[in-house]
Amino acid sequence: GTSGDVAGNALKILHREYKDNAKVLGIVDHKASVEDPDGVDLSELLRLVNQDLSLEHYDCTKLSAGGALHIRDTLEGQVMCDSMHNRIESDAFLPAGGLPNTIRLDNWEAFLKTDGSPSSKLIVEAANIFIEQEARVKLTESGVLIVKDSSANKCGVICSRNPRYAHFLCYK
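Quick notes on the rules
- Residues numbered from 1 in each chain as written.
- Predicted model: local features only at pLDDT ≥ 70, side-chain atom pairs only at ≥ 80, totals over all residues.
- Heavy atoms only, no water.
- Pairing = 2+ DSSP bridges.
- Helix = DSSP H or I, 4+ residues; strand = E, 2+ residues; numbered from the N terminus.
- Axes fitted to C-alpha atoms, helices over the stretch in contact; angles between N-to-C directions.
- Contact = heavy atoms within 4.5 Å.
- Buried < 20%, exposed > 50% of the residue type's maximum accessible area, 1.4 Å probe, protein only.
- Core = buried A, V, L, I, M, F, W, Y, C linked by side-chain atoms within 4.5 Å.
- 1 Å grid on protein atoms, 1.4 Å probe; cavity = no way out; pocket = protein on both sides within 12 Å on 5 of 7 lines; lining within 4 Å.
- Points joined across faces, edges and corners; volume = space filled by probe spheres on them.
- Polar contact = N/O pair within 3.5 Å; in protein donor to acceptor, adjacent residues only side chain to side chain.

### Notes on the sheet that holds strand E3 (residues 68-71)
The strand order E1-E2-E3 describes an open sheet built from three strands, whose pairing is antiparallel. Looking at which strands have only one partner, the edges of the open sheet turn out to be strand E1 (24-28) and E3. Each adjacent strand pair in this sheet contributes to an overall mean axis angle of 5°, direction not counted. Both E1 and strand E2 (residues 32-40) contribute to a ladder of four bridges, which runs antiparallel. Within the sheet, the bridge partner assigned to valine 24 lies in E2 and is valine 40. Here helix H3 (residues 75-87) sits on the sheet and contacts E1, E2 and E3; the angle it forms with E2, its principal contact strand, is near 45°.

Below is the structure:
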């Protein structure tokens, strides 16, 4: 989400490097999810990143008619947040947080569209152990290119550790 190191920095990089050419179709955090087939407003996401706010603070006036904000404190909100990665079709999927083994051998097929093709042909697994190994094999066999967590999230780990190291150096 917008308050995480990996997702927050990814949003900043997308904005810096690609401006309006980057389109975020959905994003989820511990409080809410925001999705919009026309693209979630990147300036609004950056406002949340810069103010260290969760997605529940997203300004809904920035959504198109097909967009939605789902708050996790309802059963429907939980379902929508937890299944967003299976519903949205995109060029790339960047899980930047979440629970280990979110995609598992018993649920990996939910990532596929009704015709059996993947909802995203590229997964950059920036979250630690987001995809169980057996599910990773099945997704790869189904045509998904996966950049594994051990390669994809090194900068996030480094970024999240630097403030701690600085604290230890300054306050012996």
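### A short note on the side chain of serine 33
Mapped onto the secondary structure, serine 33 falls in strand E2. On the basis of relative accessible area, serine 33 is assigned to the buried category, the value being 0%. Among all residues touching serine 33, those that are not within four sequence positions of it are Ile27, Val28, Leu55, Ala68, Leu69, His70, Met80, Cys81 and Met84.

### Observations regarding the pairing of E2
Burial analysis of E2 places seven of its nine residues in the buried class, which makes it a mostly covered element. Counting the residues that bridge the hairpin from E1 to E2 gives three residues. Alignment of E2 against E3, held across four bridges, turns out to be antiparallel. When the sheet's bridge partners are listed, serine 33 is paired in E3 with histidine 70.

### Considerations on the environment of aspartate 20
Position of aspartate 20 among the secondary structure elements: in the loop between helix H1 (5-18) and E1. Here aspartate 20 falls in the exposed class, since its relative accessible area comes to 79%. Once the C-alpha coordinates of aspartate 20 and glycine 39 are considered, the two residues, 19 residues apart in sequence, prove to be 9.8 Å apart.

### A closer look at the nonpolar core
One finds Leu11, Val34, Leu45, Leu55 and Tyr58 to be the most contacted residues of the largest nonpolar core, which totals 14 residues. Among the elements of the structure, E1, E2 and helix H2 (42-50) are those that each provide at least two residues to this core. Element by element, the count of residues in this core is highest for H2, at five residues.

### A closer look at the layout of surface pockets
The calculated volume of the largest pocket comes to roughly 1,400 Å³. Taken together, 50 residues make up the lining of the largest pocket; nearest its centre are Gly26, Phe93, Leu94, Pro95 and Ala96. Elements that contribute at least two residues to the lining of the largest pocket include exactly H1, E1, H3, strand E4 (122-124) and helix H6 (154-170). The greatest single-element share of the lining of the largest pocket, amounting to seven residues, is contributed by H1.

### Considering unusual backbone geometry
Positive phi, normally seen in glycine, also occurs at aspartate 52, with a value near 55°. Note that aspartate 52 resides in the loop between H2 and E3. If you check the backbone angles, asparagine 101 has positive phi at about 55° while not being a glycine. Inspection of the secondary structure puts asparagine 101 in the loop between H3 and E4. By relative accessible area, which is 27% here, asparagine 101 ends up partly exposed.

### Description of the environment of serine 142
Here serine 142 lies in the loop between helix H4 (133-141) and strand E5 (145-147). Within the structure, the side chain of serine 142 is placed 3.0 Å from the backbone oxygen of lysine 138, a separation counted as a polar contact.

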